[in-house]
Amino acid sequence: MTKQDLRIVFLGTPEFAVESLNRLVEGGYNVVGVITMPDKPAGRGHHLLQSAVKQYAVAHNLKVMQPVSLRDPEFLDELRSLSADLFIVIAFRMLPREVWQMPPLGTFNLHASLLPRYRGAAPINRAVMNGDSQTGVTTFMLKHEIDTGDILQQQSIEIAEDETVGSVHDRLMLLGADLTIQTVDHIIAGDLTPIPQDQLLAQREATPAPKIFSDDCVIDWTKSASEVHNHIRGLSPYPAARSVLCNGSDNQLSCKIMLSRKVNGLPSAEPGQILCADKRLVVACADGTAIEVLQIQPAGKKAMDTEAWLRGSRLAPDAHFVEKLEK
């Protein structure tokens with residue numbers, strides 16, 4: 001079988017998946033269909049927003065399917081009619097058995113972690129938020145339990161101490177596209193030996209990576225500077241860590257904190273207390289540690305360098321950050 005003979009259906013939604021789809025198309029692989037999420041209303045005008053994968057597929061004249069239900073009989077019949085040999089899933093949604101078991105060569109998923117570590121919806125965020133020094137991408141064969149299938153291939157990268165999740169995401173997107181093509185080529189050659197994830201548990205613990213919710217973004221200033229810094233960079237640029245600035249008795253401002261760095265040699269203070277607000281915004285954390293806020297986004301404004309924001313702000317001597325609005 002050649003790459004022109006292998007009939008592929010691609011399933012994905014966000015920008016992370018587009019790079020792999022592009023590599024398949026530009027590489028001459030036979031993508032016979034693309035499945036992505038239905039268009040969603042967005043903005044004040046509720047205009048329908050197409051997924052990044054759909055926009056790419058339409059621009060390259062690929063067949064697009066957008067089922068509301070993956071168990072819809074008409075959708076399943078249409079999917080079978082494509083006579084695909086292989087399904088590739090990247091950043092989509094959980095598939096029912098009748099879908100992932102359909103192609104004779106099976107369905108493989110590209111996941112943005114070194115499985116079995118970080119099974120779930122937010123593996124990149126969780127790796128950075130936890131201060132990991134390494135992450136990577138994995139291709140694995142789908143089975144019913146999420147992110148537990150047998151591993152096909154893995155590649156790793158190092159995470160720099162101050163690197164944000166946005167940067168890690170972009171690097172993994174490119175690395176993942178490389179691995180997707182490699183995995184398809186090995187499937188064509190028939191020389192892959194899938195490895196059960198249980199065999200890797202001695203190397204890395206199986207850990208969850210649940211979806212990021214609003215409460216996950218709140219900064220806990222009672223943690224150490226390292227933990228707060230990791231929390232901020234693990235959510236930057238999106239959805240962003242947040243806190244509430246209390247600037248006087250009745251002045252509270254919700255802020256997103258986009259960038260930070262750890263600082264040393266400052267006096268101990270209550271967690272959340274602002275230690276310095278003269279061109280630099282330094283905030284106390286636990287155990288006498290502190291971070292400097294480098295970029296901030298006050299509610300209703302664009303993100304800006306903290307020095308520029310301080311020039312237009314007057315902070316009270318007792319200004320401090322808290323987790324939530326105080327009543």
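First things first, this report covers the structure right here in the doc. Quantities reported herein were computed from a predicted structural model and do not represent experimental measurements.

What counts as what
- Residues numbered from 1 in each chain as written.
- Predicted model: local features only at pLDDT ≥ 70, side-chain atom pairs only at ≥ 80, totals over all residues.
- Heavy atoms only, no water.
- Helix = DSSP H or I, 4+ residues; strand = E, 2+ residues; numbered from the N terminus.
- Contact = heavy atoms within 4.5 Å.
- Buried < 20%, exposed > 50% of the residue type's maximum accessible area, 1.4 Å probe, protein only.
- Expected span 1.5 Å × (residues − 1).
- Core = buried A, V, L, I, M, F, W, Y, C linked by side-chain atoms within 4.5 Å.

Section: the environment of Ala 17
Part 1: When you line up the elements, Ala 17 lands in helix H1 (residues 15–26).
Part 2: Sequence-wise, Ala 17 and Thr 164 are 147 residues apart; in three dimensions their C-alpha atoms are separated by 20 Å.
Part 3: Contact partners of Ala 17, with chain neighbours within four places excluded, come to Phe 10, Gly 12, Val 53 and Ile 90.

Describing the side chain of Ser 51
Part 1: Tracing the chain through its elements places Ser 51 in the loop between strand E4 (47–49) and helix H2 (52–59).
Part 2: Taking the relative accessible area as the measure of exposure, Ser 51 reaches 11% and is therefore buried.
Part 3: Excluding residues within four positions of it along the chain, Ser 51 makes contact with Thr 13 and Thr 36.

Describing H1
Since the α-helix advances by 3.6 residues per turn, residues separated by three or four positions end up pointing in the same direction.
Part 1: The end-to-end C-alpha separation of H1 is 17 Å, in line with the 16 Å expected for 12 residues at 1.5 Å each.
Part 2: Every buried residue of H1 is accounted for by Phe 16, Ala 17, Val 18, Glu 19, Ser 20, Leu 21, Asn 22 and Leu 24.
Part 3: Trailing H1 by a residue or two, Gly 28 shows a phi angle of about 85°, which is positive.

Some words on the nonpolar core
Part 1: In this structure, Phe 10, Leu 24, Ile 88, Leu 172 and Val 184 are the most contacted members of the largest nonpolar core, which totals 41 residues.
Part 2: For this core, the leading source of residues is helix H6 (residues 165–189), giving nine residues.
Part 3: Those residues in contact with Ile 88 that sit more than four places away from it in its chain are Ile 8, Val 9, Phe 10, Leu 11, Leu 24, Phe 108, Thr 180 and Val 184.

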